[in-house]
Every structure is written in structure tokens, then in C-alpha cells.
Amino acid sequence: MKYLIAAVALAFNLSLVSHATDSSKVIKGMPGDPDKLFAQLETLLPTPGVTRTASGAPGAQYWQQRADYRIRVTLDEKRNRLSAKQSITYMNRSPDTLNYIWLQLDQNIFRDDSIARRSEVAANAGTRRDTVGSGDSLSFAAMRRHQAFEDRKYGYEIGPIRDASGRVLETTANDTMMRIDLREPLRPGTSIEVNFEWQSNIVDEAAIGARGGYEYFPKSNTYQYFLAQWFPRLVAYTDYTGWQHKQFLDRGEFTLEFGDYDIEITVPADHIVASTGVLQNPDSVLTTEQRVRLKQAETAKKPVFIVTPEEALANEKEGTSRVRTWRFKAKNIRDFAWASSRKYIWDAMGYRQDDVKRPFVLAMSFYPNEGEPIWSKYSTHAVIHTMGVYSRFSFPYPYPVAISVNSWERGGMEYPMITFNGYRPTADEKTGKVTYSRNTKYGLIGVIIHEVGHIYFPMIVNSDERLWTWMDEGLNTFLEYLAELEWEENFPTFGDKTNVLDFITGYMQSTDQVPIMTNSDTIVQFGPNAYSKPAAALAVLREAVMGRELFDHAFREYSNRWKFKRPTPADFFRTMEDASGVDLDWFWRGWFYGTDHVDVAVRDIREYQVSTQDPDVEFPLKRQEFAASWPESYSQRQNRAEGLTTRVDRYPELKDFYNENDQFTVTNKDRNEFKDFREKLRDWEREVLDRAIKAGEYVYFVDFRNIGGLVTPLPLTLTYADGSTEEYAVPAEVWRYNAVDVTKLFVRKKRLVSVELDRKHLIADADKTNDITPRRIEPSRVELFRGRDRDRNQMLDALAELKGEPKVEKPEGAAGGKDLPLQPVAK
Ligand SMILES: [Zn+2]
């Protein structure tokens, strides 16, 4: 910042924003062109119609299909296999006549001939690094997965599909889908029932990697089963794409129809079953004591054990050849999952909410002793906490139960009313002492909040996961973040970073990215793209663009408009604008359709006061300013210092008018001109000038440059010479004429000493070093280091003693495992 007190003529046509000095950089139609950045989204969004309105709400003729399921399934624990009798009643509520219906057969993704498996590349088949150009490598986990596929065949074995009168229907299998040709076209408003039997092998989840399967505990020779996308489900038929014909490739999850479910699950008699829905026959599957404890849990102040850790430990040691059938029913759900094991500890606690339809929800957790002590401490609390926070931002939790199951070591997965969650403590191999890391503790709480949050998005706000991962993961990660902020302060949501906006900048600056608006299966850098970037976007939207009041209202409106319905991205974008009255097209373009990042620099501040234009006042000031800008030469000063005299000094008679007067000496002509200037001013102009002079206000021109390219609001902190500060929020519309360089004008009574952008970390600005003018020196510490000797002394190594037992390398879990040693095959 320069502190020149320059005199400028008061220009009466100064607009609040003076436009860029550097606009030559912006080329029409290219990045930085405001025409593109602020253009309305109509050109990109689907045309509104009778099913989806321009306001983002479901239209007057909105429709969706319905599918009801009745399944009797048996778990064969000896063969790790399911066999089932299934019937589906499919209701055609569309205005279209259907000649065929499609089933989705998700388990077929594990067949050797699936598109997903055949299109795997080395990098996503379990190698540790991208093998293109960076050396080949293979992990233990990748080889174990290969061996697991060699050992068993997966996918559905489906019997003939019959209609209600028992007639066999023609079918055609196509990868993870199967077409059922109907004997008579299914007309609008009519329904069809199909019945069939099927079997499938359950995958070893640890070896293969899946959203469900079984987990084997070698130490106790026990199992748990968690069954997800385990049965053939109806493919969604929608107003925007007809039958969802995108095959299941793994990343793009599920788009499903709502319906009612009646499921009978037959398992070994000593198993505890956790499931979507309400248990219909507690008297025949639970002990009297368990039923009493369940009743107590409803009003308890903390989680109550239905099965205690000791009981679970005793139970897992026995085993039985008897079976029991658990029957569950659930209304208006889009999917159904369950888990079963003789290992389960079970706790529960009631949750009460202000809702006439559903005043009470039972929160429950199921976990093996391997999850203790953190599961009984945190799981059910986290389930209830999630409902409390999410309901405030959307709608009351609509289902009778909310469940968390510890199904694996890390990660999580969501289904209606039930979630499968990871994270367990570690037991020391020798001492058995159980400890857990910070990451395990917060990972556990975080994943439960996340997965229970998914019961809202997308299990109720039923977005199309096969197409748009961000619509459920992004929205849900944002709400998870809000819920974690309310769990405890400084919750380490993003590793060691607690603010999503500080976490996301590294990704947003990376070159290997695609826009958020990319189909699920073609996203690169999946986690940051579909989870944290949309979460960061919504955090910016809420706190820096819209403000909490407008955002929260609009977000709640979106949630309520689309609960139990199927929103598309356009419905979200439109509703957020429609309900808030804020034009956000620039925001969606920048954050959701683009890959630019936020980086704005505060480049320069220039300070002025209004000139009186009176030569007797201004000329002395101009003289000072001239002297400061054009100081006398060093040689001249040095000559004077050495005592050198000039000829004019020695012969004073050589001096004349110009030696006595410089160019800033005021003449009468100057005074006359000033008088003329004042006289020619209109009355109001003279008043403005006199008032400005009397006030002695400071005029500042502050230059901003948008380096990152993403249009952003500018939350500024102005600091004054007296130490006081002023917060000033510049809206993103400041970039609408020039999206690269803008200059803001500030007229202030107090003298400004610095302008800082984003002091509160609100806008995900990637480079904080250019956010303040004048620049600041940031103190830090430097560590001294010693050079390393890399020489391998083979003579010395040969003298080392051989240790007792040869060490056998143990394979690790699929995530971040070790590499197998690879050698080129000798020719
Ligand atoms: Zn998720």
C-alpha cells in the first residue's frame, strides 16, 4: 500500500465500483469472461415441464413407480449362501404403457464376465499406484481378491419368473440387469406381480470388497453376515430417463422405487438379526428378558443392553443346527438390508421428536465384542445425535427405527433404517490390551453420523445415485459436517483439519479433476469430487453467499419438496434459488460445472483525500509529493556532502526568478483560475466539494485480482490506524463486468492501514499469503537436518547374525495394504 497523499480532482461521476485496469486479459467466451460466468443456467438445465417445474418443485403431474416386495430368505451358514422365494408387485403410475420391466441384479457385478470386472484397469484392481508409466506393483490384497474370485462363483442363480397366474415370462439377462417381457402391456394405473426363486453365494467382503457380504473372525472361528443389495430389485423407471439403463459398475450406486416390504429371514437359531423394518414376531425370536430390556430402552436416558457383551461372548462360542425365522415389515422404503450373527451385542435407546406422525424412534446398535469398548460408548449416541441435527435441517425422521451395525473394520454403507459402519479398536497380539487411535474414535462417530445421515439423503430424498454421486454424498457430507460441529468442538472431520474450506483447496487446485456435475462412474478423485467439494460448496453458500436464514429455509424446502420423491440436480439448483430469492446460477456454474478454484489476491491499495483545487493549499502538497516521488540525485547529495559548491553558489549574481521559485510557486493566474473554477461550479457541486474538504475523508481504491478463476464473494476485514476493524462483505456480483480484475472504492473518515480478505476462512481461498495488503511476515520454525549416508555396506551386512524364526509377511486389509514383491519373468 502506498501512502501518497495525492491530490485528485473530485470526479462527480465516480461509480462505486471502478472497472478493471487490466480487462485486456479477458477474452469473450473464455475463462474469466463474465458473460459466461454469470449467464443463466437455462441452457444447461432440462426444460421444466408437467413433472418438474421451473421453481424446482415436483410438477402437477409428477409421478413415480412403486414396487412392493415379499421375500422369504434363508441364510445357509455352512455354505455362506442365500436362497429365497421372492415376489414383487409392480405398480405402473407413469402415463406410459410398458411392454417389459427390468430387474437389477447387483450381485452379478461379481461374475467373472461382468462389465465391471472386465473393465477394471490395474489401478482399480488393487494395485497401489497407477501402473501407467510409474512402474508395476501388486498388493497382497489384490492377489487375495484374485484368488477369492478363482475359488467361488458369484452372481444370482434365478429360476423361472412367473406372473400371478403361474405363467412363465420370457426374460433376457444383460449384465447386472434382466428384462422381463410381459404377456400383456402394463397400462398406466395397473400393476403386475412376478414370482421367482433365487440363490446366490455370499461374498467374502474382506477379500473381495463389496457393500455387503460376510466377515470371518479367524481367532474365534465365527462369522457375521451383512446383506446389502442382496435381492433382485426393480430398476427405476423415471420421467427423465425412462428405465435407468446405466449398468451397475460399482461407483454409481442405486436408484430405486419406494414400496412396502414383508421379509422373512431364516437364520441359525442363536443368531441376532438387525434389519430394516419393524420386527413382527418378537415373541418367537427374542427371550422374555430381551423383550423386557427393549421396553426399558424406550424411556432410558442412556443406551440399554438388549444383549450384553458377556452374553454375546457366551453365545458366539456355542452354535446350533436349529433355525429361526425373523419377520420384518417396513412401509415406504426404497431398499431393504439386514445383518445376522451370533456375535452381536445389542443396545438401544429411545429418541423422541416433535412430530405428530412419528413422535418416537428406537435407535439401536449391533456389534461384536471386537468393537468394544467404543461401540457401546458411541454408536447409539451418534445415531440419535444425527437424527436431532438432520431433522432440524430437513424433516423429522419418518421411520420407527434407526440402526448402526459394526460390519467391518472401516468405511460405511447406508440403507433405509439401517447402516453398516466400520472402525474398531486394536487388541495387542501379546497382551490383549485394547487401545484405539484418535482416527478410530472420530472415524467411528463420523461414519455413523454419515451413514445414518444417508437415511435422509438419498434413502428418503431419493436422488439418482447411479447418475449423481454428489446429490447424496455431497449434501450428506455437508450435513455430517454440521452435525460433527455440534458433537464436539474441533471435531477432526478432515484428518487434522477441522474446516472443510481449508481441507478442499489442495484438491481444487489440482489439475486432475472433473466438475462435480460428472456422472458417478466417470469421476476422477472420487472422494474430494463427490463428497468434500460439494460439502465445501454448500458451506460457502450457507455462510458466505446466502447467509444462514436464507440457506436453511431453502435447503429445508428442497428436502421437504423431494422427500419420498426423486429429485434431479436441476430440482436442487432451482429450489435453492426459488426459495431464497438469490440468483445462484453463477455459483452452480463455478462450483458444480467448473474446475476452477478460489484464489483472490488483494493486490494494491491507493489512498487519497479530496483536493480543494486551491493553489495556495494544493501546490505546497504537490511540491512535497514531487520531492518524494522524484528525490534529488544521489550524486548531487554526495557532492554537497563532500563540500562541493556550485557555480551559482559562488557567483550569486547568476540567480534570477527561477532560482527563487519552483514550478509549484503559486501565481495570480493560478489564483484567478481557481476563482473561475469555483464560480463555474453549480451550487450543489460546490456544496459537495466543501463538505468533502471539511470532512477530510480518505478515499481508497483497492485492487483485487481473481487468480483462481472461481467467482466468489469477498468477505473483507478493513483495519484502521486507530486499531479498529470493519467487516465488509462484497457480494460475488462484483465480478459481473470483469471476472479477473476489479477495483473497489472506499470513502472512510478513518485512515486505513490494511485490507484483508477472508480472515474468517469462509470462501475456501487457496492462497492465504496474497489475502492481505500490506503483506505480513508469517513467523515459523525451521528444523536443522543432517545428511544421510545411503551407502549399503554389504561386508558389514554379511556379518549380521541370523534371527531365530523366519518372519512371514501377513497380508493386510484392502485399504492401503502392502505390495507383493514382483520380479520380471526370466526369458
Ligand atoms: Zn456416503
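Described in the following lines is the structure provided in the data block. (Residues numbered from 1 in each chain as written. Predicted model: local features only at pLDDT ≥ 70, side-chain atom pairs only at ≥ 80, totals over all residues. Heavy atoms only, no water.)

Re the nonpolar core
We count it as follows: Among buried residues, those of type Ala, Val, Leu, Ile, Met, Phe, Trp, Tyr and Cys that are joined through side-chain atoms within 4.5 Å constitute a nonpolar core. Think of it in three bands: residues with accessible area under 20% of the maximum for their type are buried, residues over 50% are exposed, and the middle band is partly exposed, with areas taken using a 1.4 Å probe on protein chains only. A run of H or I in DSSP becomes a helix once it reaches four residues, and a run of E becomes a strand once it reaches two; helices and strands are each numbered from the N terminus.
Among the nonpolar cores identified, the biggest contains 201 residues, and W230, W338, F420, F572 and W591 are the most heavily contacted of them. Of the residues forming this core, the biggest block, 10 residues, is contributed by helix α8 (residues 374-393). Counting 8 residues, the second largest nonpolar core, distinct from the first, contains Y608, L681, A692 and F701.

Details of the packing of aromatic side chains
Test applied: Planes of paired rings set the category: under 30 degrees apart is stacked, over 60 is edge-to-face and the rest tilted, where pairs are Phe, Tyr or Trp rings (Trp by its six-membered ring) whose centres lie within 6.5 Å.
This structure, assessed with the given rule, holds 64 aromatic pairs. With a centroid separation of 6.5 Å and an interplanar angle of 70 degrees, the aromatic rings of F110 and Y154 are classed as edge-to-face. With a gap of 44 residues between them, F110 in the loop between β5 (98-104) and α2 (115-118) and Y154 in the loop between α3 (140-151) and β7 (156-158) connect regions that are remote in the sequence. The pair formed by F110 and Y154 is uniform in burial state, with each residue classed as buried.

Things to note about the sheet that holds strand β9 (residues 171-174)
Operational definition: By the convention used here, strands pair only if DSSP detects at least 2 bridges between them.
With antiparallel pairing, 4 strands are arranged side by side in an open sheet as β9-β10-β5-β14. Edge positions in the sheet fall to β9 and β14 (233-234), since each of these pairs with one other strand and no more. Sheet analysis places β9 next to strand β10 (residues 177-186), joined by 4 bridges and oriented antiparallel. Bridging from a neighbouring strand, N174 pairs with M177 of β10.

Remarks on empty space enclosed by the protein
Basically, it comes down to this: The way it works is a 1 Å grid over only the protein atoms, where trapped points that fit a 1.4 Å probe form a cavity and open points with protein on both sides within 12 Å along at least five of seven lines form a pocket, and then any residue with an atom within 4 Å of a point lines it. Grid points are joined across faces, edges and corners, and a volume is the space filled by probe spheres set on the points. In this count, Pro and Cys sit with the nonpolar residues alongside Ala, Val, Leu, Ile, Met, Phe, Trp and Tyr, while Asp, Glu, Lys and Arg are called charged and the others, Gly among them, polar.
As enumerated under the stated definition, the model contains 2 cavities of 30 Å³ or more in all. By volume, the largest cavity amounts to about 50 Å³. Within the lining of the largest cavity, the residues separate by chemical class into 3 nonpolar, 4 polar and 3 charged. Its volume calculated, the second largest cavity comes out at about 30 Å³. R52, Y62, W63, Q64, Y237, T238, D239 and R566 are the residues that line the second largest cavity.

Remarks on the coordination of the zinc ion
To keep it simple, the criterion reads: With water excluded from the atoms, a metal site may look incomplete; its donors are any N, O or S atoms within 2.8 Å, or within 3.2 Å for Na, K and Ca. Metal sites are grouped by the angles between bound donors: all angles between 85 and 135 degrees with four donors is tetrahedral, opposite donors over 155 degrees apart with the others between 65 and 115 is square planar for four donors and octahedral for six, and any other pattern is irregular.
The protein atoms that coordinate the zinc ion are H450 (NE2), H454 (NE2), E473 (OE) and E473 (OE), at distances spanning 1.9 to 2.6 Å. The site at the zinc ion holds 4 donor atoms, and with the angles between them running 56 to 155 degrees, its shape is irregular. The sequence motif formed by the donor residues of the zinc ion is H-x3-H-x18-E. Taken as a pair, H450 in helix α9 (residues 438-454) and E473 in helix α10 (residues 469-485) lie far apart in primary sequence, 23 residues in all. We note that H450, like E473, is buried.

Remarks on the pattern of salt bridges
Between side chains of opposite charge, a pair can form when the charged atoms approach closely. Convention followed: The salt bridge definition used is simple: a Lys or Arg side-chain nitrogen within 4 Å of an Asp or Glu carboxyl oxygen.
For the coordinates displayed, the defined rule picks out 61 salt bridges. With its nearest N and O atoms 2.9 Å apart, the salt bridge here joins R293 to E311. Taken as a pair, R293 in helix α6 (residues 288-299) and E311 in helix α7 (residues 309-316) lie far apart in primary sequence, 18 residues in all. What makes R293 buried here is its relative accessible area of 13%. As a salt-bridge pair, D604 and R606 come within 3.0 Å of each other at their nearest N and O atoms.

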